[in-house]
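# Structural overview
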Amino acid sequence: MTSNSQLPTPNSQPGSPTIALIGANGMLASAVKRLLPVGYQLHAYDLPEFDLTDREQVLALRDLKPAIILNCAAYTNVDGCESHSELAMRVNGEGPGFLAQLAAEIDAVLVHVSTDFVFSGDKKEPYREEDPTGPLSVYGISKLLGEQRIIQSGLEKYFIVRTSWLYGLGGNNFVETMVRLAKERTELKVVDDQRGTPTWTDDLAEAIFKLLAVIDAPHPSPLTPHQPYGIYHFSGEGECSWYQFAVEIIDQARKFEGLKVENILPIPTEGYPLPAQRPKYSVMSKEKYKAATGIQVPDWRESLRKYFEKRT
Ligand SMILES: NC(=O)c1ccc[n+]([C@@H]2O[C@H](COP(=O)([O-])OP(=O)(O)OC[C@H]3O[C@@H](n4cnc5c(N)ncnc54)[C@H](OP(=O)(O)O)[C@@H]3O)[C@@H](O)[C@H]2O)c1
């Protein structure tokens with residue numbers, strides 16, 4: 001396991017709350033590490049030294065006694081999950097349950113990141129936290145199992161933060177794929193009949209810290225009168241199709257680098273067959289998050305602009 005001494009943690013102070021960051025080498029975790037607010041001490045855990053599916057290894061974190069366990073680990077290859085369902089269920093399903101057991105034992109807060117793919121996509125308006133789930137893929141089923149394991153563990157102090165269409169520095173993602181392809185090809189075909197909302201990792205990392213800050217806030221909001229814990233949705237504000245996302249990416253990327261692409265064509269899902277089925281519509285309502293934190297959510301286009309500025 002990686003000790004925090006190997007990480008850049010310039011903001012850490014002795015005696016400040018300790019965070020055990022699980023999946024610390026991933027894309028979201030890299031934003032968490034960069035944006036760590038003053039007053040937290042970070043301890044980082046990831047494969048190969050630390051395996052979330054090893055219950056004993058997870059429970060051994062009791063010796064660190066972190067105040068917060070932040071789970072950014074997951075098996076995130078959505079199509080790979082279809083052919084590796086057992087691994088998906090262990091990493092995305094059982095692992096979060098082990099973290100919940102640990103959190104309950106040491107009275108820590110568990111923050112777990114989940115996905116819009118727990119929904120079927122049948123709705124025509126933004127999904128709320130209490131809406132029925134109905135995953136269409138092994139990935140979605142395994143992530144839903146992770147949520148259920150946490151909720152059924154009896155742990156009270158948890159945040160399950162569902163997010164969507166994540167991109168950021170330090171990871172493979174749709175934005176980087178589009179920019180790479182736009183340098184290689186003159187024409188791109190992108191699915192136009194799946195709608196959702198892009199989310200910048202930096203926005204999500206900040207949202208997680210804002211939710212943690214609510215725990216200590218003196219006046220809970222009307223939406224969270226007794227305690228702030230539970231499920232929250234967080235993504236950018238607004239919505240688009242993958243095609244519209246791609247058009248915006250190329251438009252913004254052109255300001256920073258030379259691209260070969262001339263045409264971007266909208267196609268139906270059937271025109272780009274993939275092993276895993278995706279929801280046609282997975283926009284999520286952020287009303288609960290906004291009410292709890294009192295903070296507005298940035299528009300997805302604005303966040304994409306900030307990403308490109310930071311990326312260069
Ligand atoms: N990416 C998206 O578009 C998206 C959308 C919605 C929700 N989410 C959720 O957001 C969270 C963060 O996603 P991300 O894109 O930042 O993920 P990521 O870049 O794939 O990072 C996940 C990290 O977890 C590690 N990991 C995998 N299995 C593990 C295990 N058994 N034990 C310990 N660590 C393990 C991975 O290591 P290896 O790389 O070595 O496997 C990787 O470092 C996840 O919960 C994901 O489900 C993502």
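Coordinates for the structure precede this section.
Residues numbered from 1 in each chain as written. Predicted model: local features only at pLDDT ≥ 70, side-chain atom pairs only at ≥ 80, totals over all residues. Heavy atoms only, no water.

## Side note on helix α8 (residues 242-253)
In this model α8 runs 16 Å from its N-terminal to its C-terminal C-alpha over twelve residues, within 8% of the 16 Å that 1.5 Å per residue would give. Residues W242, F245, A246, E248, I249, I250, Q252 and A253 constitute the buried set of α8. Structurally, α8 contributes buried residues whose contacts are with β6 (166-167), α6 (174-184), β7 (187-191), β11 (240-241), β12 (263-267) and α10 (300-311). (Helix = DSSP H or I, 4+ residues; strand = E, 2+ residues; numbered from the N terminus. Expected span 1.5 Å × (residues − 1). Buried < 20%, exposed > 50% of the residue type's maximum accessible area, 1.4 Å probe, protein only. Contact = heavy atoms within 4.5 Å.)

## Comments concerning the packing of aromatic side chains
Within the structure shown, the criterion is met by 18 aromatic pairs. For the pair W165 and F245, a centre-to-centre distance of 6.3 Å together with 25° between the ring planes defines the contact as stacked. Here F245 lies in helix α8 and W165 lies in the loop between β5 (158-163) and β6, a separation of 80 residues in the sequence. Here the two residues W165 and F245 agree in accessibility, since each one is buried. Ring geometry for F234 versus Y289: centroids 5.0 Å apart, planes at 70°, classification edge-to-face. One end of the pair, F234, is in the loop between β10 (230-233) and β11; the other, Y289, is in helix α9 (residues 287-293), and 55 residues separate them in sequence. A network of ring pairs unites the aromatic residues W165, Y167, F174, W242, F245, F256, W300, Y307 and F308 as a single cluster. When the ring centre of Y127 is taken as reference, the NZ or CZ atom of K123 above it lies at 5.5 Å. A cation over an aromatic ring shows up here: K288 above the ring of Y232, its NZ or CZ 4.6 Å from the ring centre. (Phe/Tyr/Trp six-rings, centres within 6.5 Å; stacked < 30°, edge-to-face > 60°. Lys NZ or Arg CZ within 6 Å of the ring centre and 35° of its normal.)

## Details of the site of the ligand
By nearness alone, 25 residues border the ligand, and L28, D46, T76, Y139 and K143 come closest of all. Contact distances for the ligand include 2.7 Å between an oxygen atom and a side-chain N or O atom of T76. At 3.1 Å, a backbone N or O of L166 approaches an oxygen atom of the ligand. Protein contact buries 78% of the 890 Å² of open area that the ligand shows by itself. Contributing elements (two or more residues each) for the shell around the ligand: α1 (27-34), β4 (109-115) and α5 (138-152). It is β4 that contributes the most residues to the shell around the ligand, three residues altogether. (Near = heavy atom within 4 Å. Polar contact = N/O pair within 3.5 Å; in protein donor to acceptor, adjacent residues only side chain to side chain. Areas by Shrake-Rupley, 256 points an atom, 1.4 Å probe, with all protein chains shown as cover.)

## Structural notes on α6
Within α6 the residues assigned to the buried category are V175, M178, V179, L181 and A182. For α6, the arc enclosing every buried residue in end-on projection is 165°, short of the 170-degree limit, so these residues lie on one face. Buried residues belonging to α6 abut β6, β7, α8 and α10. Its side-chain oxygen placed 3.1 Å from the backbone nitrogen of V175, N173 serves as the N-cap of α6. (Arc of directions from axis to C-beta.)

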